[in-house]
Amino acid sequence: DPKIFNMRKYIPEDFFNIDEFEKIFYNFANSFREQLYDNEFKLLFTPQGLEYFVKEGISDELPFGFDIVCDIEDRLNALKEWRSFMARYDCLLMIHDDAMPKESRMYFLFSPNVGFISPMTQTGNFYSISIEETSLISAFYDYLQNLAEKCAYSKQETIDLFTQYIHYLEAELAKEKEQAQ
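Residues numbered from 1 in each chain as written. Predicted model: local features only at pLDDT ≥ 70, side-chain atom pairs only at ≥ 80, totals over all residues. Heavy atoms only, no water.

### Notes on the overall build of the protein chain
Convention followed: To qualify as a helix, a DSSP run of H or I must reach at least 4 residues; to qualify as a strand, a run of E must reach at least 2; elements of each kind are numbered from the N terminus. For each residue, the accessible area found with a 1.4 Å probe, counting protein chains only, is set against the maximum for its type, and the residue is called buried under 20%, exposed over 50%, and partly exposed in between. Residues are treated as being in contact if the distance between any of their heavy atoms lies within 4.5 Å. Computed by Shrake-Rupley with a 1.4 Å probe, the accessible areas treat only the displayed protein chains as cover when residues are assessed.
Scanning the protein chain from N- to C-terminus turns up five helices and five strands. In the protein chain, the order of α-helices and β-strands from amino to carboxyl end is α-β-α-α-β-β-β-β-α-α. Considering the protein chain as a whole, with its 181 residues, one finds that 30% of them fall into the buried category. Nonlocal contacts in the protein chain, meaning residues at least 24 apart in sequence, comprise 65% of its contacts between residues at least 6 apart. In the form shown here, the protein chain has an accessible surface area of approximately 11,500 Å², with 54% of it arising from carbon and sulfur atoms.

Here it is in structure tokens:
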């Protein structure tokens, strides 16, 4: 949603066909959000990744080279939106840092019917692997469900951590505004 994340302020004005890119970006984000609403997918993240976003303003969901450093206000808005989203839905799960390899940038997206794995190469490129074999999809889906159940923080613990980071960013934003005067 452009009200939550205004990508235009992070992309150069001379970016090729920025209007079309923005339209595709928001359509993809809205489609993904709808799938999360329907509980088709679970999105797993770690406290380490969350802290990196809060402190550095960079989402480790993006491949190297596409790192956008979000300003404090956008980070704050994103955390508020995600916290609100988590309170209503059960599709965002924070798993313990030791459940995933450190510095791992491999993404899994699985539902009972479709699967994608996106490993990152040493050069920072991502490759998407679509899995259509039912038994492989089932095995990965079961693994990720098991990981989520055994290694996830409770919903309340996750919301509490988001609240702590929201207070932290509110204080940082106040400092930034005070220094600008």
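Picking up after the structure, the text goes on.
### So, the packing of aromatic side chains
In plain terms, the rule: The pairing test for Phe, Tyr and Trp rings, Trp by its six-membered ring, is centres within 6.5 Å, and the orientation test on the planes gives stacked under 30 degrees, edge-to-face over 60, and tilted for anything in between. Each ring is checked for a lysine NZ or an arginine CZ that lies within 6 Å of its centre and within 35 degrees of its normal; such an atom marks a charge sitting over the ring.
With the rule as written, the count across this model stands at three aromatic pairs. Aromatic pair F53 and W82: ring centres 5.4 Å apart, planes at 50°, arrangement tilted. With F53 in helix α2 (residues 47-56) and W82 in helix α3 (residues 72-88), this residue pair connects regions lying 29 residues apart in the sequence. A relative accessible area of 7% means that F53 is categorised as buried. Residue W82 is classed as partly exposed on the basis of its relative accessible area, which comes to 36%. Here the basic side chain of K55 rests over the ring of Y168, its NZ or CZ set 5.3 Å away from the ring centre.

### Some thoughts on helix α5 (residues 155-180)
Applicable threshold: Under the convention used throughout, the expected extent of a helix is 1.5 Å for every residue step, that is, one less than its residue count.
Spanning 26 residues, α5 covers 37 Å between terminal C-alpha atoms, matching the ideal 38 Å at 1.5 Å per step. Buried residues of α5: T158, I159, L161, F162, Y165, I166, L169 and L173, and no others. Contacts made by the buried residues of α5 are with β1 (43-45), α2, α3 and β2 (92-94).

### A short note on the confidence of the model for the protein chain
As a reminder, the rule being used: Here pLDDT means the predictor's own confidence in every residue, given as a number from 0 to 100.
Mean pLDDT over the protein chain stands at 78; residues scoring 70 or higher make up 73%. The lowest-confidence element of the protein chain is strand β3 (residues 107-110), averaging 65 in pLDDT; the highest-confidence one is α5, averaging 95.

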